[in-house]
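# Per-entry structural report
If you want the building blocks of each chain, they are given just below.
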Amino acid sequence: MSDNLERLIGNVALGDRKAFSALYDATCTKLFGVALRILNDRASAEDALQETYMKVWRHADRYAANGLSPMTWLITIARNTAIDRLRRVQSAEDVDAMAERLSDKGPSPEQAVVARSEAGRIARCLDELDPKHAAAVRWAYLDGLSYADLARKLDTPLNTIRTWLRRALLSLQECMSR
Amino acid sequence: MSAETHDQYNAGEYVLRLLDPAEEAAFERAMRADPSLQSEVATWLRGLEHLNISFSEESVRRSVKTQLMERLFQERSVRAAFWSRLWVWRGITLTALILAAVIGYRSFPGPATPPGSAVFISEIVAEDESLRLLAAYDPSVGGLRITRTAGSAPPGRVLELWAIVGDAAPVSLGLLPSSAKTTLPLPEAFRRATGLILAVSEEPPGGSPTGAPTGAVLAIGEAVDL
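What comes next concerns the included structure. (Residues numbered from 1 in each chain as written. Chains lettered and ligands numbered in written order. Predicted model: local features only at pLDDT ≥ 70, side-chain atom pairs only at ≥ 80, totals over all residues. Heavy atoms only, no water.)

### A short note on the overall build of chain A
- Looking only at helices and strands, chain A has ten helices and zero strands in total.
- Ordered by position from the N terminus, the helices and strands of chain A form the series α-α-α-α-α-α-α-α-α-α.
- The buried share among the 178 residues of chain A stands at 52%.
- When contacts within chain A are restricted to residue pairs at least 6 apart in sequence, those whose partners lie at least 24 apart make up 66%.
- In the structure as shown, chain A presents an accessible area of about 7,900 Å², 50% of it carried by carbon and sulfur atoms. (Helix = DSSP H or I, 4+ residues; strand = E, 2+ residues; numbered from the N terminus. Buried < 20%, exposed > 50% of the residue type's maximum accessible area, 1.4 Å probe, protein only. Contact = heavy atoms within 4.5 Å. Areas by Shrake-Rupley, 256 points an atom, 1.4 Å probe, with all protein chains shown as cover.)

Below is the structure:
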């Protein structure tokens, strides 16, 4: 699956529309799930999905160097596109620019393979966190909540949230690098 | 961007999208100057990727893909190809006259033809002439009589004929069989040569899945009155 997606993205980078169509067919339900979860509205999620694939078409040539698995790369674009839409930030260039910069400096393929085999660590590392902190990380990642959103949701001052979540992220980072 | 600012936000916050727009912009400026931050962002994305299993798969309406493909490819594929092939037109009028004899539409019923249903013809040719078709509108059957005189569909693909008028989206007229000659019904809206463009694209077996050309546009031709 992953090898096949990599091959398709490689062909899309060369302007192969059939590969683009096949890549869409293979991944659209997952990426739509991402957009729908974050936007919680079918029409907006459909727009976000189209925007996501337009970025994929334009940036496929930058995939090879970024060291992410194809699905992670695609989901990152879908997630950022949906969050931008959610926040009504009309600066698509920023997300484009992020996709671009990600490709600038990535790990070697060997490092990427190692990293992928260890990806499951996040679950264990989240378990090591205070449950409230782990929940906040999930809300941010899966639902696109910002510090400001979390502050409202938890009825806690933003700076307080920021302080404990930054500490939680440092623990998480430390755990994942073990 | 000072080292102090780097410390102000970490890559995890950025990847999680916790920051407000101004802070995101500041982090991105810092990231541009500091390759180690770019690595950290990639590391966070890989670290968090296991959470992706929590995103469920959701079925997408077919029209979303159709619209996407139109937004991405329609203009560039058909129209740009069309305008870049202006030179083909120059030979068309003369060719059309020569073809008159070949296809024999002179024998189409003249006086019985309903008003507004003039005979017209189009030579649909690839830029390198590897594919060439002649299409003649026959008012007596309300269809295009098509003769393929050169080329064929790529292996595993089929040829699909499209009608284009002005800025409207291409409309499929149907698939071309492997035989050299066929007649395809022509919708009322396209029964005038004025502004009518015919194009042939290569598509998966069964034709374009989207309702718009998805494969390469192989050949294109303008309709001309006889």
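Next, the rest of the story.
### Overview of the sheet that holds strand 8 (residues 217-225) of chain B
Residue and element names in this part refer to chain B.
- Strands sit in the order 5-4-7-8-1-2-3-6 across an open sheet of eight strands; the sheet is antiparallel. Where the open sheet ends on each side, the last strands, each with one partner, are strand 5 (171-176) and strand 6 (181-185). Within the sheet, the average angular offset between the axes of one strand and its neighbour, ignoring direction, is 25°.
- As defined by bridge partners, strand 3 (residues 143-150) adjoins strand 6 across five bridges and the pair is classed as antiparallel. Bridge pairing links Leu 144 to Leu 184 in strand 6. (Pairing = 2+ DSSP bridges. Axes fitted to C-alpha atoms, helices over the stretch in contact; angles between N-to-C directions.)

### Overview of empty space enclosed by the protein
Residue and element names in this part refer to chain B.
- Taken as a whole, this structure holds two cavities of 30 Å³ or more when the rule is applied.
- The calculated volume of the second largest cavity comes to roughly 30 Å³.
- What lines the second largest cavity is Leu 133, Ile 146, Arg 148, Leu 176, Pro 177, Ser 179, Ala 180, Lys 181 and Thr 182.
- Looking at the lining of the second largest cavity, the elements that each hand over two or more residues are strand 3 and strand 6.
- Grouping the amino acids of the lining of the second largest cavity by side-chain chemistry returns five nonpolar, two polar and two charged. (1 Å grid on protein atoms, 1.4 Å probe; cavity = no way out; pocket = protein on both sides within 12 Å on 5 of 7 lines; lining within 4 Å. Points joined across faces, edges and corners; volume = space filled by probe spheres on them. Nonpolar A, V, L, I, M, F, W, Y, C, P; charged D, E, K, R; others polar.)

### Overview of helix 7 (residues 121-128) of chain A
- Buried within helix 7 of chain A we find Ile 122, Cys 125 and Leu 126 of chain A. For helix 7 of chain A, the angular spread of the buried residues around the axis is 105°, confining them to a single face.
- Structurally, helix 7 of chain A contributes buried residues whose contacts are with helix 8 (131-143) and helix 10 (158-176) of chain A together with helix 4 (35-48) of chain B. (Arc of directions from axis to C-beta.)

### Re the packing of helix 3 (residues 42-59) of chain A against helix 4 (residues 70-86) of chain A
Residues and elements named next belong to chain A.
- The N-to-C vectors of helix 3 and helix 4 enclose an angle of 130°; their axes lie 9 Å apart at closest approach. Taken together, the axis directions place helix 3 and helix 4 in an arrangement best described as oblique. Every pair of crossing elements has a handedness; the one defined by helix 3 and helix 4 is right-handed. Residue-level inspection shows Ser 44, Asp 47, Ala 48, Glu 51, Thr 52, Lys 55, Val 56 and His 59 of helix 3 in contact with helix 4, the latter providing Trp 73, Leu 74, Ile 77, Ala 78, Thr 81, Ala 82 and Arg 85.
- Residue composition of the contact of helix 3 with helix 4, grouped by class: seven nonpolar, four polar and four charged. (Parallel < 35°, antiparallel > 145°, perpendicular 65-115°, else oblique. Left-handed = near helix turned anticlockwise from the far one by under 90°.)

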